[in-house]
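# Architecture at a glance
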Amino acid sequence: MSTVNRQILLNAHPVGDLKHSDFKLVEAPMPTPGEGEVLLQTMYLALEPAMKGWMENRADYVAPLAIGDVMRGYGTARVTESNNDRFPVGSVVSGGLGWQEYLVTDGKSVPIQVLPEGVDIPASMGVLGVTGLTAYFGLMEIGKPIEGDTVLISGAAGATGSIAAQLAKIAGCRVIGMAGSAEKCDWLTGELGLDAAINYKIEDVAARVRETCKGGINIYYDNVGGEILDIALNNLADYARVVICGGISRYNLTGEIPGPKNYFNLVFRRSRMEGFIVTDFASRFGEASAILLEHLREGRLCHRETITDGFENMPNALMSLFTGDNIGKQLVRVSE
Ligand SMILES: NC(=O)c1ccc[n+]([C@@H]2O[C@H](COP(=O)([O-])OP(=O)(O)OC[C@H]3O[C@@H](n4cnc5c(N)ncnc54)[C@H](OP(=O)(O)O)[C@@H]3O)[C@@H](O)[C@H]2O)c1
């Protein structure tokens, strides 16, 4: 067993695109569990675009990160030493482990939950984790789909978008996904069964949205913001719902960020645009998790993970979300 604990710290608050110098890989002494504590060995860590905002301290729904702090992140770990009967050696737990290979907790200082035996660990970090819950509450509670609705989704081959798109299909909607490669678009219209896909990097997006959403868009589920949001706003049906889940196209911008030009169409189309943070629905996570699990077991939901090996590749994996290298949930396998 290793004698050091590799950690990745915040080295600089990023400005513009993420850089390797924003992170610092260090070797800390291996922590030792005290009374009531367990030693955890990280197995997988999850990546999300919001981490960029956490590094910049732009997001006010999480505590600020200081230079030298261990990067914040969610993951799964194996209990390798235990002085706590609730977490026996060999059990697999999940929680906000941070970007580090080992961690000591009593289960409360860093809250952890034991994963049920037999659970698919990558799925527990995507479709059955915060990602699935974000897609569920964004679509079902903010979007409120009605059978027959036309639903347009940006970032549709990503972790959240791919689940939101399938939930909209399950709700009986016509679903059009937007993504940044032919491979992603084929996955959307093939395995995921979407009605159409638009490759926003090479197609005329405005023309394709007009063509695929002829009666207007009833729900626009937005993960990207920017020009694509403006095109969607121009093509709303009456009483449309615009779900602002994320806006990755703006996360690396510096200086003044342009607002949506076409927001006034919300007035003409008597429509609503609403943002949300998934934790707003924390009291209902159990209910939604049960529904997602049932969809998965019944074969109504597909999920996909892009798994990068090696703890030292955490910064690359985070950067890859901004270049669109991932399909589905981006994870890093830290240990087997
Ligand atoms: N509101 C909440 O509570 C909440 C919770 C979780 C996540 N989110 C948000 O949901 C969105 C999706 O998150 P995720 O974790 O599921 O990530 P993801 O979609 O798996 O990964 C990000 C994807 O965004 C696309 N992208 C990157 N830069 C882009 C750009 N400039 N324009 C258009 N698309 C771009 C890339 O795909 P392409 O190849 O298609 O470009 C990339 O694969 C993010 O905006 C995130 O911040 C919100």
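Just so it is clear, the structure is predicted and the values come from calculations on it, not from any experiment.

## Looking at the site of the ligand
The environment of the ligand is formed by 25 residues, the closest being T160, K184, Y200, V278 and N326. Within the backbone of F276, an N or O atom sits 2.9 Å from a nitrogen atom of the ligand. Taking N326, its side chain carries an N or O atom lying 2.5 Å from an oxygen atom of the ligand. When the ligand sits alone it has 910 Å² of accessible area, and the protein chains cover 89% of it. For the shell around the ligand, the elements supplying multiple residues, two or more each, are helix 4 (159-170) and helix 10 (314-323). Each residue belonging to the shell around the ligand can be placed in one class, and the counts come to 13 nonpolar, 11 polar and 1 charged. Taken domain by domain, the makeup of the shell around the ligand includes at least three residues from each of domain 1 (4-126 + 304-333) and domain 2 (130-280).

## Points about the pattern of salt bridges
In this structure the tally under the stated criterion is 18 salt bridges. Between E141 and R284 there is a salt bridge whose closest N-O contact spans 3.1 Å. Separated by 143 residues along the polypeptide, E141 in helix 3 (residues 130-143) and R284 in the loop between strand 13 (272-275) and helix 9 (285-297) bring together distant segments of the chain. The salt bridge partner of E294 is R300, with a shortest N-O separation of 3.8 Å. E294 sits in the partly exposed class, given a relative accessible area of 45%. Judged by its relative accessible area of 37%, R300 is partly exposed. Connected through salt bridges with shared partners, the residues E141, K144, R284 and E287 form a single ionic network.

## Some thoughts on the packing of helix 3 against helix 9
One can describe the packing of helix 3 onto helix 9 by two numbers: an axis separation of 10 Å at closest approach and a directional angle of 100 degrees. What the angle tells us is that helix 3 and helix 9 run roughly perpendicular. Residues G132, L133, Y136 and F137 of helix 3 lie in contact with helix 9, whose contacting residues are F285, E287, A288, S289, I291 and L292. Of the residues that constitute the contact of helix 3 with helix 9, the class distribution is 7 nonpolar, 2 polar and 1 charged.

## Quick notes on the nonpolar core
Of all hydrophobic cores here, the largest spans 38 residues; its most connected members are V151, I153, L167, V175 and L188. The dominant element in this core, judged by the number of residues it contributes, is helix 3, at 6 residues. Those residues in contact with L188 that lie beyond four places of it in its chain are A156, A157, G177, A179, G193, L194 and A197. Listed in part, the 21 residues of the second largest apolar core include I8, W54, L65 and L321.

## A short note on the packing of helix 3 against helix 4
For any two helices packed against each other, one specifies the crossing angle of their axes together with the interaxial distance. Two elements in contact, helix 3 and helix 4, have axes whose closest approach is 8 Å; the angle formed by their N-to-C orientations is 45 degrees. The angle between helix 3 and helix 4 places the two elements in the oblique class. In this structure, helix 3 meets helix 4 at a crossing whose hand is right-handed. Contacts between helix 3 and helix 4 involve T131, G132, T134, A135, Y136 and L139 from the former and A159, T160, I163, A164, L167 and A168 from the latter. Of the residues assigned to the contact of helix 3 with helix 4, the class counts are 8 nonpolar, 4 polar and no charged.

## Here's the deal with the environment of A50
Summarising the element assignment, A50 is placed in helix 1 (residues 50-56). Once the C-alpha coordinates of A50 and E227 are considered, the two residues, 177 residues apart in sequence, prove to be 20 Å apart.

## Describing the environment of G143
The topology assignment puts G143 in helix 3. Of the residues examined, G143 reaches a relative accessible area of 0% and is grouped as buried. Between the C-alpha atoms of G143 and Y221, which are 78 residues apart in sequence, the distance is 7.4 Å. Those residues in contact with G143 that sit more than four places away from it in its chain are G138, I219, R241 and V243.

## Topic: the domain arrangement of the protein
Domain parsing of the protein yields domain 1 (4-126 + 304-333) and domain 2 (130-280). Relative placement of domain 1 and domain 2: their C-alpha centres are 29 Å apart. Counting residues at the interface gives 19 residues for domain 1, matched by 18 residues for domain 2. Summing both sides of the interface, domain 1 and domain 2 together bury roughly 1,500 Å²; the carbon and sulfur share of this comes to 55%. Put simply, domain 1 and domain 2 have 1 salt bridge between them. Linking R304 and E183 is a salt bridge whose minimum nitrogen-to-oxygen distance equals 3.6 Å. Counting across the domain 1 and domain 2 interface gives 8 residue pairs in polar contact (both at pLDDT 80 or more). Of all elements in the fold, only helix 1 and helix 10 reach the threshold of two or more residues within the side of domain 1 that touches domain 2. Sort the elements by how many residues they give to the side of domain 1 that touches domain 2 and helix 10 lands first, with 3 residues.

Reading guide: rules and limits
- Residues numbered from 1 in each chain as written.
- Predicted model: local features only at pLDDT ≥ 70, side-chain atom pairs only at ≥ 80, totals over all residues.
- Heavy atoms only, no water.
- Near = heavy atom within 4 Å.
- Polar contact = N/O pair within 3.5 Å; in protein donor to acceptor, adjacent residues only side chain to side chain.
- Areas by Shrake-Rupley, 256 points an atom, 1.4 Å probe, with all protein chains shown as cover.
- Helix = DSSP H or I, 4+ residues; strand = E, 2+ residues; numbered from the N terminus.
- Nonpolar A, V, L, I, M, F, W, Y, C, P; charged D, E, K, R; others polar.
- Domains from an automatic or database assignment.
- Salt bridge = Lys/Arg side-chain N within 4 Å of Asp/Glu carboxyl O.
- Buried < 20%, exposed > 50% of the residue type's maximum accessible area, 1.4 Å probe, protein only.
- Axes fitted to C-alpha atoms, helices over the stretch in contact; angles between N-to-C directions.
- Parallel < 35°, antiparallel > 145°, perpendicular 65-115°, else oblique.
- Contact = heavy atoms within 4.5 Å.
- Core = buried A, V, L, I, M, F, W, Y, C linked by side-chain atoms within 4.5 Å.
- Left-handed = near helix turned anticlockwise from the far one by under 90°.
- Buried area = accessible area lost by both parts, 1.4 Å probe.

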